[in-house]
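# Examination of the molecular architecture
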Amino acid sequence: MIKPLTEIQKQRLQRLEPQLENAIRENDLQLAGRIVADIQNMLRPTGHEMRLIQSKNKLFEAHLENGDYDFAISGFAGIQQRINKNTRTYLESSVLLAICYIRKKDIIAAEPIIREVLVNDKVIKSQSRRTAFRKRVIERFNEECILFGLRDEGFELLKIDEVDREVVKLMGLTEEEVYQRLGEAVTYSALNSLLRIDHYSKKQLPSAERKLIGAPLQKSDTPTVGKTLFGSVRRVLYKSICDPDSEIYKTWFNNGMKVVLEKKFIVGAVVSILTGLGIGIKAIAISVVALIIKFGIEVFCDRYKPGGIMELR
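Residues numbered from 1 in each chain as written. Predicted model: local features only at pLDDT ≥ 70, side-chain atom pairs only at ≥ 80, totals over all residues. Heavy atoms only, no water.

### Focus: the overall build of the protein chain
Per the secondary structure count, the protein chain includes 17 helices and 0 strands. The C-alpha atoms of the protein chain give 21 Å as radius of gyration, which agrees with the globular expectation for 313 residues (20 Å, within 12%). Across its three principal axes, the protein chain shows a C-alpha extent of roughly 65 × 50 × 35 Å. The burial tally for the protein chain puts 50% of its 313 residues in the buried class. Summarising the internal contacts of the protein chain: among those between residues at least 6 apart in sequence, 73% fall at separations of at least 24. In the structure as shown, the protein chain presents an accessible area of about 15,500 Å², 50% of it carried by carbon and sulfur atoms. Looking at charge distribution, the protein chain has the averaged site of its 49 positive side-chain charges lying 5 Å from that of its 40 negative ones. (Helix = DSSP H or I, 4+ residues; strand = E, 2+ residues; numbered from the N terminus. Rg over C-alpha atoms; globule rule 2.2 N^0.38 Å. Buried < 20%, exposed > 50% of the residue type's maximum accessible area, 1.4 Å probe, protein only. Contact = heavy atoms within 4.5 Å. Areas by Shrake-Rupley, 256 points an atom, 1.4 Å probe, with all protein chains shown as cover. Lys, Arg positive; Asp, Glu negative; His and termini not counted. Charge placed at Lys NZ, Arg CZ, Asp CG, Glu CD.)

### Considerations on the pattern of salt bridges
In total, this model carries 22 salt bridges according to the counting rule given. Among the salt bridges present, the one from K58 reaches E21, with a minimum N-O distance of 2.7 Å. Here E21 lies in helix 1 (residues 7–25) and K58 lies in helix 3 (residues 49–65), a separation of 37 residues in the sequence. Under the relative-accessibility criterion, K58 is labelled partly exposed at 32%. Between K85 and E116 there is a salt bridge whose closest N-O contact spans 3.9 Å. Remark: E116 occurs in helix 6 (residues 107–119) and K85 occurs in the loop between helix 4 (69–82) and helix 5 (88–103); sequence separation between them is 31 residues. When its relative accessible area of 27% is taken as the criterion, E116 is described as partly exposed. (Salt bridge = Lys/Arg side-chain N within 4 Å of Asp/Glu carboxyl O.)

### Some remarks on the state of the cysteines
Overall, the coordinates contain 1 disulfide when judged by the stated rule. At a sulfur-sulfur separation of 2.1 Å, the disulfide partner of C242 is C301. Disulfide C242-C301: the torsion about the S-S bond is -90 degrees, which places it as left-handed. On the criterion of sequence distance, the pair formed by C242 in helix 12 (residues 222–242) and C301 in helix 17 (residues 297–303) is long-range, its members being 59 residues apart. Each member of the pair, C242 as well as C301, is classed as buried. Of all cysteine sulfurs, the one in C145 lies closest to C100, which takes part in no disulfide; the gap is 14 Å. (Disulfide = S-S within 2.5 Å.)

Right, here's the structure in full:
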């Protein structure tokens, strides 16, 4: 039975929940864990389980983004044992759980969870919104699969000056041609993982929805593969380039794109991210940098702002 919160409890929650958001934003996961423990001590005795679980989902998603996959898996699995399967929160935690396994390259463990997400027609009642949700979820699964499928693939040492020199050669190409180059740089194993996830996901949908969402990817769909990879890279790059407090953004805002390029800030950010992910393929770095420069920082930050799983409505 749910007990009404007292005014003191409401006021405390109004402080704690924003503090949790801030701790996650600052990547202080120890503090975030302590805040969630405080929220749990307050909400569990009153029966406000769903509100508590929403905070826990945010904490476990932060651990997922930090690479603490086993901790996140344990957390999401625990959440799913406590709530109704036909709720939005269960659906969202399932998406995040599947992403954990995809990032661990454990596609076999991810597939039954992906199926459960995509065949659920109880949570989102509207057909059009459900189709839009499924489309975006499949796109996210594909992006995760290709990016983390490339981890520990390729052994080229990415050097900022070398990548910067090569980017110039791509600036005369169209966006579609650069996406083609990017798709061609994807390794055989990462491409096969992407095709497997994409085919498996779309196979779960009714035929009418498959037509709306699009046919399964083929090996010959190289520009689309490139767009999928760029979508995944821009998700992890976004904060480095678009955060108003980042050096790149402040330099662009105050001094313009010319100074950003002269200081090789974009190349440096891309090289740093790919190296951190264990992706040593120079052609990927070159193509990603070329696309960001072609778009420009303002368009990139506006058009490619990533949405979290909690925003998949």
